[in-house]
Amino acid sequence: MGGVMSLRLAVLGSGSGSNCQSIFNAIADGRLDAEVVIVLSDHEDAYILERARQHGVRAEYMDCGGFKNKFPLEVQEALAKKLQELHIDLICLAGFMRLVKAPLLEAFPRRILNIHPALLPAFPGVEAWTQALNAGAKQAGCTVHYVDAGMDTGEILMQAYVPVLPDDTPQTLHARIQVQEHILYPAAILSAISRL
Ligand code: GAR
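Residues numbered from 1 in each chain as written. Predicted model: local features only at pLDDT ≥ 70, side-chain atom pairs only at ≥ 80, totals over all residues. Heavy atoms only, no water.

**A short note on unusual backbone geometry**
Piece 1. At the junction of Leu120 and Pro121, the peptide bond is cis and its omega measures out at 10° in the coordinates.
Piece 2. Along the chain, the position of Pro121 falls in the loop between strand 5 (112–116) and helix 5 (128–134).
Piece 3. Of note in the backbone geometry, Arg110 takes a positive phi value of approximately 55° without being a glycine.
Piece 4. The exposure class assigned to Arg110 is partly exposed, which follows from its relative accessible area of 46%.
Piece 5. At Glu127, a residue that is not glycine, the phi angle is positive and equals roughly 45°. (Helix = DSSP H or I, 4+ residues; strand = E, 2+ residues; numbered from the N terminus. Buried < 20%, exposed > 50% of the residue type's maximum accessible area, 1.4 Å probe, protein only.)

**Examining the state of the cysteines**
Piece 1. What the rule picks out here adds up to 0 disulfides.
Piece 2. Free of any disulfide, Cys64 has its nearest cysteine sulfur in Cys20, 17 Å distant.
Piece 3. Exposure remark for Cys64: the relative accessible area of 4% places this residue in the buried category.
Piece 4. Unpaired in terms of disulfides, Cys142 finds its nearest cysteine sulfur in Cys92, a separation of 15 Å.
Piece 5. Using a relative accessible area of 0% as the deciding quantity, one classes Cys142 as buried. (Disulfide = S-S within 2.5 Å.)

**Description of the nonpolar core**
Piece 1. With 38 residues, the main nonpolar core has Val11, Ile23, Val39, Leu113, Tyr185 and Ile189 as its most contacted residues.
Piece 2. Examining the composition of this core, we find that 8 residues originate from one element, helix 6 (residues 170–194), more than from any other.
Piece 3. Setting aside anything within four residues of it in sequence, one finds Val39 in contact with Val11, Cys20, Phe24, Ile48, Leu49, Ala52, Val57, Arg58, Ala59 and Glu60. (Core = buried A, V, L, I, M, F, W, Y, C linked by side-chain atoms within 4.5 Å. Contact = heavy atoms within 4.5 Å.)

**So, the sheet that holds strand 1 (residues 7–13)**
Piece 1. Ordered in space as 3-2-1-4-5-6-7, the 7 strands form an open sheet in which the pairing is mixed. Two strands in the sheet have a free side with no partner beyond their single neighbour: strand 3 (58–61) and strand 7 (156–163). When the angles between neighbouring strand axes are averaged without regard to direction, this sheet yields 20°.
Piece 2. Of the pairings in the sheet, the one linking strand 4 (residues 90–93) to strand 5 comprises 3 bridges and is parallel in character. Bridging across to strand 5, Leu93 finds its partner in Asn114.
Piece 3. Together, strand 1, strand 2 (34–41), strand 4, strand 5, strand 6 (139–146) and strand 7 form the strand contacts of helix 6, whose direction differs from that of strand 7 by roughly 155°. (Pairing = 2+ DSSP bridges. Axes fitted to C-alpha atoms, helices over the stretch in contact; angles between N-to-C directions.)

Shape descriptors only; they carry no functional weight alone.
Given below as structure tokens:
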């Protein structure tokens, strides 16, 4: 055929995978011309892997050796090699809770994206929505950024705002942010693809 190939994505996540689902949905309804080639998780029973299987997408567990937060360099090296062999164009972190370092960053320069549930540079790190609430922020939101070696520090690609309401709990605020995440991430991936 020799037509233009769609972009090949890898998605990494640690949890429920609702952002991964939003990428599947955007591809299915034609908003995103891409293919999710593989989904990987550092938790064997993470629902993100089940979602991938339901979509007929290769789903793999990455054993991080029992470390809770560390992403062992040898695991990152093996992953970089695997993703290069699969001709992955873009890696999307979707609720992945470990820090990516040189082996992956050097193999995929400006080709790794992350979604974070805050208006970066405010509130990096875990439970950003709870941080925003505790700080008395009037606005919260989400950010898609390029990944560098820092924690939620890379160049910002797109953001979406949500209001913080007076009776918000961490759960209600996170739910409101997630509605925006699911719109923002596919749009930001499309933008990143256009800049490759
Ligand atoms: C999302 O809210 C994502 O922004 C956040 O984890 C959640 C994963 O949800 N990521 C981080 O906090 C990264 N620092 P999901 O598994 O349903 O997509």
